[in-house]
Amino acid sequence: MNINVARIQDKPFSLQSEEPAESFSMLSRMQSEGECIFNGPVRSEVTVTREFDHMRVSGRVSAEVTLACSRCLASYNEEVDSHFTIFFRKGTSQDVDEEEEIELGEHDLISAFYSGDEIDLSHEIEEQVAMGIPLKPLCSEECRGLCPTCGIDMNLSACSCQREQTSLKFSALKDFKVSR
Ligand SMILES: [Zn+2]
Ligand SMILES: [Zn+2]
């Protein structure tokens, strides 16, 4: 998504776009490395306003992905939906002195730079999507995962290994007490 800077005035205006995940290099790499599968386009809606010395870009990005649960390995769908506000300044990151960067950090704002006549949002959009994808995906908070001994999916059935596991844990605890 590109925004023509000349179009940005004090009055906010909105833009929407739908782009295939494959058109973002970071997302396409995540997909080819098996981190997730994108089931549809990346949708972006942003509102842009000119403010003082910067352009405020706020909005949301969303995408539907298929993830593999890190506990039970089952695949499931999740909607990535992230909201953001980014302040774009003209120039490059080298123009910012250290003091200013610290100040921005304290206010927890994302600041970025543009040069030329357009703000290219592609990188920010793909970062927002990538950050919305969990590092350890879970099909549900209560997912019981696979039995480490027999590999059975403990969400679907129980196995006799479970009891042994519990008793092992208790005996380890007992040993610990004795050794003290
Ligand atoms: Zn699971
Ligand atoms: Zn088992």
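For the structure given in this document, a descriptive report is provided here.

Analysis parameters
- Residues numbered from 1 in each chain as written.
- Chains lettered and ligands numbered in written order.
- Predicted model: local features only at pLDDT ≥ 70, side-chain atom pairs only at ≥ 80, totals over all residues.
- Heavy atoms only, no water.
- Helix = DSSP H or I, 4+ residues; strand = E, 2+ residues; numbered from the N terminus.
- Contact = heavy atoms within 4.5 Å.
- Donors = N, O, S within 2.8 Å, 3.2 Å for Na, K, Ca; no water.
- Tetrahedral: all angles 85-135°; square planar, octahedral: opposite > 155°, others 65-115°.
- Buried < 20%, exposed > 50% of the residue type's maximum accessible area, 1.4 Å probe, protein only.
- Polar contact = N/O pair within 3.5 Å; in protein donor to acceptor, adjacent residues only side chain to side chain.

**Description of the environment of Phe-84**
Moving on, step 1. Considering the arrangement of structural elements, one finds Phe-84 in strand β6 (residues 75-90).
Moving on, step 2. Sequence separation of Phe-84 and Ile-125 is 41 residues, and the distance between their C-alpha atoms is 9.6 Å.
Moving on, step 3. Not counting chain neighbours up to four residues away, the residues in contact with Phe-84 comprise Val-46, Val-57, Ser-58, Gly-59, Arg-60, Val-61 and Gln-128.

**A few points about the coordination of the zinc ion (ligand 1)**
Moving on, step 1. Protein coordination at the zinc ion (ligand 1) comes from Cys-69 (SG), Cys-72 (SG), Cys-139 (SG) and Cys-143 (SG), with a distance range of 2.2 to 2.4 Å.
Moving on, step 2. In this structure, the zinc ion (ligand 1) is surrounded by four donor atoms whose angles at the metal cover 106 to 114 degrees, and the resulting shape is tetrahedral.
Moving on, step 3. Positions of the donor residues of the zinc ion (ligand 1), expressed as sequence spacing, correspond to C-x2-C-x66-C-x3-C. On the criterion of sequence distance, the pair formed by Cys-72 in the loop between β5 (54-68) and β6 and Cys-143 in the loop between α3 (122-132) and α4 (161-179) is long-range, its members being 71 residues apart. The same class applies to Cys-72 and to Cys-143, which are both buried.

**Structural notes on the coordination of the zinc ion (ligand 2)**
Moving on, step 1. Around the zinc ion (ligand 2), the donor atoms from the protein are Cys-147 (SG), Cys-150 (SG), Cys-159 (SG) and Cys-161 (SG), and they sit 2.3 to 2.4 Å away.
Moving on, step 2. Coordination at the zinc ion (ligand 2) is tetrahedral: its four donor atoms span angles of 107 to 112 degrees at the metal.
Moving on, step 3. Going along the chain, you hit the donors of the zinc ion (ligand 2) in the pattern C-x2-C-x8-C-x1-C. You can see Cys-150 sitting in the loop between α3 and α4 and its partner Cys-161 sitting in helix α4, a full eleven residues away along the chain.
Moving on, step 4. Given the relative accessible area of 12%, Cys-161 is considered buried.

**A word on the environment of Ser-32**
Moving on, step 1. Position of Ser-32 relative to the elements: it lies in helix α1 (residues 25-32).
Moving on, step 2. For Ser-32, a relative accessible area of 61% gives the class exposed.
Moving on, step 3. Separated by ten residues in the primary sequence, Ser-32 and Glu-22 have C-alpha atoms spaced 9.8 Å apart.
Moving on, step 4. Polar contacts involving the side chain of Ser-32 include one to the main-chain carbonyl oxygen of Arg-29, which spans 3.1 Å.

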